Amino acid sequence: MKEIEDKKQIVSSLTGQSLIQDLRQIIEQARGQVAATANYAQTMMYWHIGERINREVLGNQRAEYGKQIVATVARQLQEEFGQKGFDEKSIRRMMQFATLFPDSQIVAPLARQLWWSHFVEVMPLKDEMQREFYLTMAASERWSKRTLQAKIDSMLFERTAISGKPDEFIKKELSALRDDNVMSPDLVFKSPYFLEFTGLKGFYSEKSLEDCLVAHLEQFIIELGNGFSFVARQKRMIIDGEDFYLDLLFYHRRLHRLIAIDLKKGRFKAEYKGQMELYLRWLEANEMEPGEEPPLGLLLCTEGSEEQIELLQLDKAGIKVAKYLTELPPRHVLVHQIQKSLEVAKARLDIYGEFATNKEE
């Protein structure tokens, strides 16, 4: 009899645990939805307050009027709705928010996925494309505020391939990501890649680099970006009875493509294109699954050869070339190098744009 009672208690206990677990899940989901709804409402409230005050200030030509209206609004709102969130500094931030993001059609969907703190984090950025890039990527990849800070600090936008494109092209790519969840290769690949976690300094071989990347695979994937999955190391390919070996093979879930990575010590050489094209066509014929896009190649070199890369039209071949750094220089030097590379890329783009226009005329 006692044994039966014990069994009943065990069953009752297990049922109770299951019930509590279900209830806990229901409560957590509801709280999450309430928090998300409240955050969206708060963010859009801040935008509408800022936009309305901006219209009032712009409608009056006197600069002194603007200062007075902000102070007056802050004081009256605090009297009616409390001190928190309606001080003069906060009101000015709302005005800045509406100024930097004048299109509510872009703000609204992002506000459903991000917190107010995400928007605050990008406001100091001077460039419109930078702000839109970071917010769109943060929403798409569900970055926390801390992750967003780290991405900005590492100059992700300036290192991403898309940064050297015209503003119209960037807006189109970001719109496709926001509206249709379509990720383009230009949003995935970057240069340079920071591989300081390998600990390699001075002289080292390509094999040593490969060994270190595999040994620190998690950190390497973090640097590559979200969506990368490791497939193989030294992928063997038999072509015309000869063995060929690809250094690293990954798969990108958002791009739906295999990503072939070859590591090179020194400057990019034109001969690398033919080698990578051979690997890509073999992967396309032997490894590509139904529904996947054709594989892409990434050549990681210690130095680029920009003119050769342009003349070879590597983008059309599905090949990206990027620099990598195993030793990071002082931040101010790194910032200067990246900004200079970006300026060169944009200047070259302007030259080709003028050439194409003159040719059409």
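*Asks:* Now, about the overall build of the protein chain: what can you tell me, with residues and values included?
*Replies:* Helix and strand counts for the protein chain stand at 15 helices and six strands. Since a compact globule built from 361 residues should have a radius of gyration of about 21 Å, the 27 Å found for the protein chain marks it as more spread out than a globular shape. Relative to its full complement of 361 residues, the protein chain shows a buried share of 39%. Considering only residue pairs separated by 6 or more positions, the protein chain has 63% of its internal contacts joining residues 24 or more positions apart.

*Asks:* Let's hear about a nonpolar patch on the surface: which residues, and what values?
*Replies:* A contiguous nonpolar surface patch, about 460 Å² in accessible area, is contributed by L19, I20, L23, I26 and I27. Position of I26 relative to the elements: it lies in helix 1 (residues 2–58). Of the residues examined, I26 reaches a relative accessible area of 53% and is grouped as exposed.

*Asks:* I'd like a description of the sheet that holds strand 1 (residues 193–194), backed by residues and values.
*Replies:* Backbone-to-backbone hydrogen bonds pair the strands of a sheet. The strands run either parallel or antiparallel. Here six strands make up an open sheet; going across it, the order is 1-6-5-4-3-2 and the pairing mixed. Two strands in the sheet have a free side with no partner beyond their single neighbour: strand 1 and strand 2 (228–239). Bridge count between strand 4 (residues 257–263) and strand 5 (residues 296–301): five bridges; the pairing is parallel. Within strand 5, the residue paired with I261 across the bridge is L298. Relative to strand 3 (residues 242–252), helix 12 (residues 217–224) is tilted by about 65°, and along the sheet it contacts strand 1, strand 2, strand 3, strand 4 and strand 5. The strands touched by helix 13 (residues 271–286) within the sheet are strand 2, strand 3, strand 4, strand 5 and strand 6 (319–325), with strand 2 carrying the most contacts at an inclination of about 100°.

*Asks:* An account of the pairing of strand 4 is needed here, citing residue identities and associated values.
*Replies:* Counting buried positions over the seven residues of strand 4 gives seven, a clear majority of the element. Sheet analysis places strand 3 next to strand 4, joined by five bridges and oriented antiparallel. By the bridge assignment, L248 is partnered in strand 4 with I261. Taking the residues between adjacent antiparallel strands as the criterion, strand 3 and strand 4 are bridged by four residues, where H256 takes a positive phi near 55°. As for the winding sense of the linkage, the β-α-β connection from strand 4 through helix 13 to strand 5 is right-handed.

*Asks:* Summarise the packing of aromatic side chains; cite the residues concerned and give the values.
*Replies:* This structure, assessed with the given rule, holds 12 aromatic pairs. Aromatic side chains F97 and F101 sit 5.7 Å apart centroid to centroid with 65° between the ring planes, which places their arrangement in the edge-to-face category. Assigned by exposure class, F97 and F101 land together as buried. One aromatic cluster in this structure is built from Y46, F97, F101, W116 and F119. The positively charged end of R112 is found above the aromatic ring belonging to Y40, 4.0 Å away from the centroid. Against the face of F169 rests K165, its NZ or CZ located 5.7 Å from the ring centre.

Conventions we followed
Residues numbered from 1 in each chain as written. Predicted model: local features only at pLDDT ≥ 70, side-chain atom pairs only at ≥ 80, totals over all residues. Heavy atoms only, no water. Helix = DSSP H or I, 4+ residues; strand = E, 2+ residues; numbered from the N terminus. Rg over C-alpha atoms; globule rule 2.2 N^0.38 Å. Buried < 20%, exposed > 50% of the residue type's maximum accessible area, 1.4 Å probe, protein only. Contact = heavy atoms within 4.5 Å. Patch = residues over 30% accessible without salt bridge, like charges linked within 9 Å, V, L, I, M, F, W, Y side chains within 5 Å. Areas by Shrake-Rupley, 256 points an atom, 1.4 Å probe, with all protein chains shown as cover. Salt bridge = Lys/Arg side-chain N within 4 Å of Asp/Glu carboxyl O. Pairing = 2+ DSSP bridges. Axes fitted to C-alpha atoms, helices over the stretch in contact; angles between N-to-C directions. Right-handed = clockwise from strand over helix to strand, strands pointing away. Phe/Tyr/Trp six-rings, centres within 6.5 Å; stacked < 30°, edge-to-face > 60°. Lys NZ or Arg CZ within 6 Å of the ring centre and 35° of its normal.

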